[in-house]
Amino acid sequence: QVQLVESGGGMVQPGGSLRLSCAASGSIFGSYAMGWYRQGPGKQRELVATISSRNITTYTDSLKGRFTITADNAKKTVYLQMDSLRPGDTAVYFCNFRYYYLADEYWGQGIQVTVSS
């Protein structure tokens, strides 16, 4: 019932920046969080950052300071500003939507971010 559309990925050189967007649509109600996970080549999927409908944010400690998550609640859209990108940030980034008090969660299809010189 919730659809997620991701955009903003691509290729960038080390030290560059990208901003990912994830727009949620459909029947959305109650308290929820949206965020980003990533999965690099040969790696497990890991949390990047989340932001709740109350604008409470959570970051993976190692990424905090380079990555910033924000939200436009009216548009039900979250953004991930990625600065000072490193080759290790290369991954498929997945948008996630999760209700706090329901079992339902939803995933985007994933968007490629490649950091390479």
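Treat the numbers as computed from the prediction; the structure is a model and nothing was measured.

Criteria and thresholds
- Residues numbered from 1 in each chain as written.
- Predicted model: local features only at pLDDT ≥ 70, side-chain atom pairs only at ≥ 80, totals over all residues.
- Heavy atoms only, no water.
- Helix = DSSP H or I, 4+ residues; strand = E, 2+ residues; numbered from the N terminus.
- Contact = heavy atoms within 4.5 Å.
- Salt bridge = Lys/Arg side-chain N within 4 Å of Asp/Glu carboxyl O.
- Buried < 20%, exposed > 50% of the residue type's maximum accessible area, 1.4 Å probe, protein only.
- Core = buried A, V, L, I, M, F, W, Y, C linked by side-chain atoms within 4.5 Å.
- Pairing = 2+ DSSP bridges.
- Disulfide = S-S within 2.5 Å.

(A) Main features of the environment of Thr68. Tracing the backbone shows Thr68 in strand S7 (residues 67–72). Filtering out sequence-adjacent residues up to four positions away, Thr68 remains in contact with Tyr59, Tyr79, Leu80 and Gln81.

(B) Examining the pattern of salt bridges more closely. Within this structure, the stated rule accounts for four salt bridges. One salt bridge in this structure joins Arg38 and Glu46, with 2.7 Å as the shortest N-O distance. The exposure class of Arg38 is buried, given its relative accessible area of 8%. For Arg66, the salt bridge identified is with Asp89, shortest N-O distance 2.8 Å. Highlighted residues: Arg66 in the loop between strand S6 (57–59) and S7 and Asp89 in the loop between strand S8 (77–82) and strand S9 (91–99), separated in sequence by 23 residues.

(C) View of the nonpolar core. In this structure, Leu4, Met34, Trp36, Leu80, Met82, Tyr93 and Phe97 are the most contacted members of the largest nonpolar core, which totals 30 residues. Listed by contribution, the elements that provide at least two residues to this core are strand S1 (2–7), strand S3 (18–26), strand S4 (32–39), strand S5 (46–52), S7, S8, S9 and strand S11 (111–115). By residue number, the principal contributor to this core is S9, which donates five residues. Residue contacts for Leu4: discarding those within four places in its chain leaves Cys22, Ala23, Ala24, Met34, Cys95, Asn96, Phe97, Tyr106, Trp107 and Gly108.

(D) Layout of the side chain of Thr90. Mapped onto the secondary structure, Thr90 falls in the loop between S8 and S9. Given a relative accessible area of 17%, Thr90 falls into the buried group. Sequence-distant contacts of Thr90, that is, excluding residues within four places in its chain, are made with Gly40, Pro41, Gln112, Val113, Thr114 and Val115.

(E) Broad picture of the pairing of S4. Across the eight residues that make up S4, a large majority, seven, are buried. Here eight bridges tie S4 to S9, and the two strands are oriented antiparallel to one another. Looking across to S9, one finds that Gly35 is bridged to Asn96. Here S4 runs beside S5; their pairing, made up of six bridges, is antiparallel. Pairing of Ala33 across the sheet is with Ser52, part of S5. Between the end of S4 and the start of S5, which pair antiparallel, lie six residues, with Gly42 showing a positive phi angle near 70 degrees.

(F) Just the state of the cysteines, in detail. Evaluation of the coordinates by the stated rule reveals one disulfide. In this model Cys22 forms its disulfide with Cys95; the gap between the sulfur atoms is 1.9 Å. Torsion about the S-S bond of the Cys22 and Cys95 cystine: about -90 degrees, corresponding to left-handed handedness. With a gap of 73 residues between them, Cys22 in strand S3 and Cys95 in strand S9 connect regions that are remote in the sequence. Here Cys22 and Cys95 have matching classes, each one buried.

By themselves these figures say nothing about function.
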